[in-house]
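Listed below, chain by chain, are the residues.
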Amino acid sequence: MHVLGIDIGGSGIKGAPVDIEAGSLLAERYRLITPDPSTPEAVADCIDQIAKYFEWDGRIGCGYPGAVKNGVTLTAANVDQGWINCDAKSLIEQVTQCKTSVVNDADAAGLAEIRFGAGRDVQGVVIMITLGTGIGTALFIDGHLLPNAELGHLDIRGKDAETRASDRARAKKNLSWRAWAKRLDEYFLYLEKLFWPDLIIVGGGASKNHEKFIPYLTLHTPIVPAQMFNAAGIVGAALGGMEMAVDEPK
Ligand code: BGC
């Protein structure tokens, strides 16, 4: 089955058709710059442009950078506030005329890694962490997702974890990899203490530089880079709607 996967991000909106049984992209991904302001209407327009680019009239699966329930986006840490309580699913369906599902972006990336990447066949508690504009997290037990875990917003030293330790924070504050790894380590140790995971998978933009910070981490949990890199968000977005049965019985 083929689904158009769309990854809505703070800086770019990326999409490609996905073979959801194989977990692979069927074409080179197409990327548009996230409009400013990133209102739901402006982003839905970009999604429509991506659908038109691929001459798409099938299903669309979107990953959104905030909590999502039944197609309604509930939070908006790094996008326009108009997404709070927005019926994103209906809006995108109206604009594209395609059946659409919307899930959290870290849940999407995590699903892709659990089914096809670094978390494949791993039993026990797996935490997927995406390090990008924000910090996204997805929790799995024996391959099953607990959706909308917003652990990027845990409080560390009186601050939101993602403002201290996201990849954006590293770039903005011009931190060395070592200095940033120290902040990450503090965050991971906290997660470890709360969840006792069996595996942590690190994805998102920063994961392509994993060898620059993973060696500095002191936690006991095995920690590995994501295997699907750029594709995880798109593949997972395509998978999301189907796996989580967010909109209709299968
Ligand atoms: C949001 C999460 C999202 C993460 C990565 C955070 O600010 O609250 O829902 O997964 O950023 O985009």
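Conventions and cut-offs
- Residues numbered from 1 in each chain as written.
- Predicted model: local features only at pLDDT ≥ 70, side-chain atom pairs only at ≥ 80, totals over all residues.
- Heavy atoms only, no water.
- Near = heavy atom within 4 Å.
- Polar contact = N/O pair within 3.5 Å; in protein donor to acceptor, adjacent residues only side chain to side chain.
- Areas by Shrake-Rupley, 256 points an atom, 1.4 Å probe, with all protein chains shown as cover.
- Helix = DSSP H or I, 4+ residues; strand = E, 2+ residues; numbered from the N terminus.
- Nonpolar A, V, L, I, M, F, W, Y, C, P; charged D, E, K, R; others polar.
- Domains from an automatic or database assignment.
- Buried < 20%, exposed > 50% of the residue type's maximum accessible area, 1.4 Å probe, protein only.
- Arc of directions from axis to C-beta.
- Contact = heavy atoms within 4.5 Å.
- Pairing = 2+ DSSP bridges.
- Axes fitted to C-alpha atoms, helices over the stretch in contact; angles between N-to-C directions.
- Disulfide = S-S within 2.5 Å.
- Phe/Tyr/Trp six-rings, centres within 6.5 Å; stacked < 30°, edge-to-face > 60°.
- Lys NZ or Arg CZ within 6 Å of the ring centre and 35° of its normal.
- Parallel < 35°, antiparallel > 145°, perpendicular 65-115°, else oblique.
- Left-handed = near helix turned anticlockwise from the far one by under 90°.
- Expected span 1.5 Å × (residues − 1).
- Bend = angle between axes of the 7 residues up to and from the residue.

1. Some words on the site of the ligand
No. 1: In the vicinity of the ligand, the residues found are P65, G66, A77, N78, N104, D105, A106, I135, G136, E150, H153 and E162.
No. 2: Here an oxygen atom of the ligand and a side-chain polar atom of E150 are 2.5 Å apart.
No. 3: One of the side-chain N or O atoms of E162 is found 2.7 Å from an oxygen atom in the ligand.
No. 4: Against a free-state accessible area of 310 Å², the protein chains account for coverage of 93% of the ligand.
No. 5: Of all the secondary-structure elements, those providing two or more residues to the shell around the ligand are α3 (105-116) and β11 (135-141).
No. 6: Split by residue class, the shell around the ligand holds 4 nonpolar, 5 polar and 3 charged.
No. 7: In this structure, the shell around the ligand is formed jointly by two domains, domain 1 (2-107 + 231-245) and domain 2 (121-225), each of which donates at least three residues.

2. Side note on helix α2 (residues 88-96)
No. 1: Restricting attention to buried positions, one finds in α2 the residues A88, K89, L91, I92 and T96. Each buried residue of α2 lies within a common arc of 165° when the element is viewed along its axis, so the set occupies one face.
No. 2: Looking at the buried side of α2, the elements it contacts are α1 (40-53), β5 (59-64), β7 (72-73), β8 (86-87) and β9 (100-104).
No. 3: Two residues or fewer after α2 comes Q97, characterised by a positive phi angle close to 65°.

3. Describing the sheet that holds strand β12 (residues 144-146)
Think of a sheet as strands paired side by side through backbone hydrogen bonds, with each pair either parallel or antiparallel.
No. 1: Pairing is mixed across the open sheet formed by 5 strands, whose spatial order is β12-β11-β10-β15-β16. Strand pairing shows two members of the sheet lacking a second neighbour, β12 and β16 (223-225), which therefore form its edges. Mean inter-strand twist for the sheet, computed between neighbouring axes without regard to direction, equals 30°.
No. 2: As defined by bridge partners, strand β10 (residues 125-131) adjoins β11 across 7 bridges and the pair is classed as antiparallel. Following the sheet pairing, L131 is matched in β11 by I135.
No. 3: Along the sheet face, helix α6 (residues 177-195) touches β10, β11, β15 (199-203) and β16 and points at about 150° away from the line of β10.

4. Points about the state of the cysteines
By definition, a disulfide links the sulfur atoms of two cysteine residues through a covalent bond.
No. 1: Summed over all chains, the structure comprises 0 disulfides.
No. 2: C62 takes part in no disulfide bond, and the closest cysteine sulfur to it belongs to C98, at a distance of 10 Å.
No. 3: Assessed through its relative accessible area of 0%, C62 is described here as buried.
No. 4: Since its relative accessible area comes to 4%, C98 is described here as buried.

5. Observations regarding the packing of aromatic side chains
Each aromatic ring pair is summarised here by two numbers: the centre-to-centre distance and the angle between the ring planes.
No. 1: For the coordinates displayed, the defined rule picks out 7 aromatic pairs.
No. 2: Stacked on the ring of W177, the Lys or Arg R170 has its end atom at 4.1 Å from the ring centre.
No. 3: A cation over a ring is seen here: R170 above W180, with NZ or CZ 5.7 Å from the ring centre.

6. As for the packing of α1 against α2
No. 1: Between α1 and α2, whose axes approach to 9 Å, the crossing angle comes to 45°. When the axes of α1 and α2 are compared, the pair comes out oblique. Viewed along their axes, α1 and α2 form a crossing whose handedness is right-handed. Here P40, E41, A44, I47 and D48 of α1 lie close against α2, whose contacting residues are L91, I92, V95 and T96.
No. 2: Each residue belonging to the contact of α1 with α2 can be placed in one class, and the counts come to 6 nonpolar, 1 polar and 2 charged.

7. What to know about helix α8 (residues 231-244)
No. 1: Compared with an ideal rise of 1.5 Å per residue, which puts 14 residues at 20 Å, α8 spans 19 Å between its outermost C-alpha atoms and is within 8% of the ideal.
No. 2: The sharpest bend along α8 measures roughly 30° and falls at A238.
No. 3: With 12 of 14 residues buried, α8 lies mostly within the body of the structure.
No. 4: A231, A232, G233, I234, V235, G236, A237, A238, L239, G240, G241 and M242 are the residues of α8 that are buried.
No. 5: The secondary structure elements touched by the buried residues of α8 are β1 (2-8), β2 (12-19), β3 (24-25), β5, β9 and α3.

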